[in-house]
2 protein chains.
Amino acid sequence: MKFVIQRDQLMDSVQNVMKAISSRTTIPILTGMKLEATSEGIKLTGSDSDISIESFIPAEEDGIVYAEDIEPGSIVLQAKYFPDIVRKLPQNTVEITSDESRNVTIRSGNAEFHLNGQDPEEYPQLPQLHTEDSFELPIDLLKNLIRQTVFAVSTSETRPILTGVHVKMDEGSLEFIATDSHRLASRKVPLDQPEGKSLPAVVIPGKSLTELNKILADSDDKIEISVTDNQVLFRTKHLYFLSRLLDGNYPETSRLIPEQSKTVVKIDAKDLLQSVDRASLLAKENRNNVVRLVTKESNHLEITGNSPEVGNVVEEVTANDVDGEDLKISFSAKYMMDALKAVDYDQVKVEFTGAMRPFLIRPVDDDQILQLILPVRTY
Amino acid sequence: MKFVIQRDQLMDSVQNVMKAISSRTTIPILTGMKLEATSEGIKLTGSDSDISIESFIPAEEDGIVYAEDIEPGSIVLQAKYFPDIVRKLPQNTVEITSDESRNVTIRSGNAEFHLNGQDPEEYPQLPQLHTEDSFELPIDLLKNLIRQTVFAVSTSETRPILTGVHVKMDEGSLEFIATDSHRLASRKVPLDQPEGKSLPAVVIPGKSLTELNKILADSDDKIEISVTDNQVLFRTKHLYFLSRLLDGNYPETSRLIPEQSKTVVKIDAKDLLQSVDRASLLAKENRNNVVRLVTKESNHLEITGNSPEVGNVVEEVTANDVDGEDLKISFSAKYMMDALKAVDYDQVKVEFTGAMRPFLIRPVDDDQILQLILPVRTY
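In this text, all values refer to a predicted model and were calculated from it rather than measured experimentally.

Asks: Explanation requested: the overall build of chain A in the structure shown.
Replies: Counting secondary structure elements, chain A contains six helices and 28 strands. With the C-alpha coordinates aligned to their principal axes, the bounding extent of chain A is approximately 80 × 55 × 40 Å. Residues counted as buried form 54% of the 379 residues belonging to chain A. Considering only contacts in chain A between residues 6 or more positions apart, those separated by 24 or more positions represent 66%. With the model as given, the accessible surface of chain A reaches about 17,800 Å², and the carbon-plus-sulfur share is 42%. Taken together, the 41 basic and 61 acidic charged side chains of chain A have centroids lying 7 Å from each other.

Asks: Looking at this structure, I do not really get the packing of helix α3 (residues 139-147) of chain B against helix α4 (residues 206-215) of chain B. What am I missing?
Replies: For any two helices packed against each other, the geometry comes down to the angle between their axes and how far apart the axes lie. Residues and elements named next belong to chain B. One can describe the packing of α3 onto α4 by two numbers: an axis separation of 10 Å at closest approach and a directional angle of 140°. What the angle tells us is that α3 and α4 run oblique. Where α3 crosses over α4, the two elements pack in a sense that is left-handed. Every residue of α4 that contacts α3 at Leu 142, Lys 143 and Ile 146 is listed here: Leu 209, Leu 212 and Asn 213. Among the residues forming the contact of α3 with α4, the class breakdown is four nonpolar, one polar and one charged.

Asks: Would you take a moment to explain the interface of chain A and chain B for this structure?
Replies: On the chain B side, the residues contacting the 30 residues of chain A number 30 residues. Overall, the association of chain A and chain B removes approximately 2,700 Å² of surface from exposure, summing both partners, and the carbon and sulfur fraction of that is 54%. For the pair chain A and chain B, the interface holds two salt bridges. Where chain A packs against chain B, one counts 14 residue pairs in polar contact (both at pLDDT 80 or more). Those elements that place two or more of their residues in the side of chain A that touches chain B are α2 (82-87), β11 (111-116), α5 (269-281) and β23 (311-318) of chain A. Here the side of chain A that touches chain B is composed, by residue class, of 13 nonpolar, six polar and eleven charged.

Asks: Which parts of the structure should I look at to understand helix α4 (residues 206-215) of chain A?
Replies: One full turn of an α-helix is made of 3.6 residues, so residues set three or four places apart face in the same direction. With seven of its ten residues buried, α4 of chain A lies for the most part within the structure. Listing the buried residues of α4 of chain A in full gives Gly 206, Ser 208, Leu 209, Glu 211, Leu 212, Asn 213 and Ile 215 of chain A.

Asks: Please clarify how the pairing of β11 of chain A should be interpreted in this entry.
Replies: Strand residues, when the strand is regular, have side chains that alternate between the two faces of the sheet. Burial along β11 of chain A is one-sided: the residues Ala 111, Phe 113 and Leu 115 of chain A are buried and none of Glu 112, His 114 and Asn 116 of chain A is. Where strand β10 (residues 103-108) of chain A meets β11 of chain A, six bridges bridge the pair, whose relative direction is antiparallel. Across the sheet, the residue bridging to Ser 108 of chain A is Ala 111 of chain A, located in β11 of chain A. Adjacent in sequence and paired antiparallel, β10 of chain A and β11 of chain A are bridged by two residues, among which Gly 109 of chain A carries a positive phi angle near 55°. Pairing between β11 of chain A and strand β23 (residues 311-318) of chain B: five bridges, direction antiparallel. Note that in β23 of chain B the partner of Leu 115 of chain A across the bridge is Gly 311 of chain B.

Parameters and conventions
Residues numbered from 1 in each chain as written. Chains lettered and ligands numbered in written order. Predicted model: local features only at pLDDT ≥ 70, side-chain atom pairs only at ≥ 80, totals over all residues. Heavy atoms only, no water. Helix = DSSP H or I, 4+ residues; strand = E, 2+ residues; numbered from the N terminus. Buried < 20%, exposed > 50% of the residue type's maximum accessible area, 1.4 Å probe, protein only. Contact = heavy atoms within 4.5 Å. Areas by Shrake-Rupley, 256 points an atom, 1.4 Å probe, with all protein chains shown as cover. Lys, Arg positive; Asp, Glu negative; His and termini not counted. Charge placed at Lys NZ, Arg CZ, Asp CG, Glu CD. Axes fitted to C-alpha atoms, helices over the stretch in contact; angles between N-to-C directions. Parallel < 35°, antiparallel > 145°, perpendicular 65-115°, else oblique. Left-handed = near helix turned anticlockwise from the far one by under 90°. Nonpolar A, V, L, I, M, F, W, Y, C, P; charged D, E, K, R; others polar. Buried area = accessible area lost by both parts, 1.4 Å probe. Salt bridge = Lys/Arg side-chain N within 4 Å of Asp/Glu carboxyl O. Polar contact = N/O pair within 3.5 Å; in protein donor to acceptor, adjacent residues only side chain to side chain. Pairing = 2+ DSSP bridges.

As structure tokens, this is what we get:
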């Protein structure tokens, strides 16, 4: 195998593929990165068996040459050293070769690295997904769907299914839902699909979506998503991101969402966020950083945090509108701040149904984003 | 006690003083920060008994009012919460008050924090240094002296005196020396002093100098340094930084420095640094990251790193001049990189006296900076 490649392109691909490689895998060959050269270009592969990532660098694209002098072949390199080596190469032109004994040479400027490669035949074949169940959406939109929901997945393995994001597609809409049973985040978007086409609902591990979100650069290019029974594939022009799916039944969440409300607050999201943030400073010693919200006269809210040992904080925030019953309610400051950041609108509507019932946070003018939080009982 | 102050000024001072406060102190009151208001301004104090820091915010300076409505008094606040509270206050104007029961109120905009203060009488008095042994130098220069030497102090407590920087002042010059017995860093500067005046040599804990360097902003303003038998005080206009000194005899280091050399290499510091950095990538599994340097024909150096399990790296670097005997020598890549960064000149001179003897790195045209490294025996 031989090729000459641009360091910066190689570095981008190496960094993406590294996101799938774990040094703690039980399959030794998976601590390595597979390099494969063909006349079309260079393909890098990494996998921890939950997530597999392939990144492709075309030999030439749009008249720009990224890789040349290609002699086809493949090799597996220890991934622990490879990114640092590439990053610190002295020149932008890099030659990588391997011989029959799997001795790999990386040459750039006057520097020459000799690495012991591993047998590419030992590297597991990535499954090729054969499915008709695929759809496309803009990368930007996918990144938003992930960002607005994935933080709410459970981090506990007691109910493994809740560590994933529930992805449903039917009747021309796509919905992401995550919950850790104390809060829920969901986002729905309309989707142009051929009539009558729907996909099986799947549960994608939160970790996979978080890594995918890091790799994808903001762009309005399309990404193709394909699902089978046990895997999901995200594919862009040069990236192939495969994740296993979580097995099991995702709980029915729609019945959690209250259909009516008793107190509705319309407020500037940033005002509420900053006030809750301040109140949480003196609520840290409580379980879950609990803060308290009390409705007051003339559209005022009182937000308080209390830490008996240290002191307390009280703040009055002016809402745009407070409608309905008076209310005293306590909730996790962290959940409230996560939700307000995810909503990503200037003006929000918070809908309460009494101090013991879940409440909703959503944009004033957009019902596709919904955040739900369970209050905390205080005595 | 009462005062109204600008949040940004208060934040700067709080951050500086926090550098002296440790949550792991055995003296409970020292987990707090002392606030003291007088008609002149507001003084904040923090201490972990090794380092004490006072930061002063004048009520008014150069016609700008920083603090007003001052009612003199003092209080001690739990330092764990105070910086976050100040940082997140909603407005730039902050009112801080405390009553006879040491209830402290911090008010800004509509936010109000109530904190339990502690008795300022319990806070230890900082020693007032009475000494004639003081001198001044520009802050920039002090920061350089620290930066170019402090990294070489020992991190091991087996010889506690080596965890400090040896500071000597005599015959119109000031010298900082640090060594961990494997390498040595020194920097000397001329000092204008009244004739016949010299100071006792002292050993300042490396940690104190590191913290001081973080607090001091780049500036050509002067800083006054005063020493007594067991303490050193650094004083600028509004900062008072007191550190204990290390007790014991600092080893005589001048005899470590070879007086003649057998091989002298003149080279671009960046070329050598980057090449050693690359070689070290495959030397990580060795003790101390050892790399090898071999002189070659026509002013070339060969730098190599070797990690039997992974591979090796070889690079030829062109020096400006290689004079004297041929040489093969091994050394810690980390020590070499630290030294080259500290020298801070484009062109350096490396003076070797054989493969088993310490070697020197210094700027080609400046003999006030000196870095010494002991080679590593390889077999």
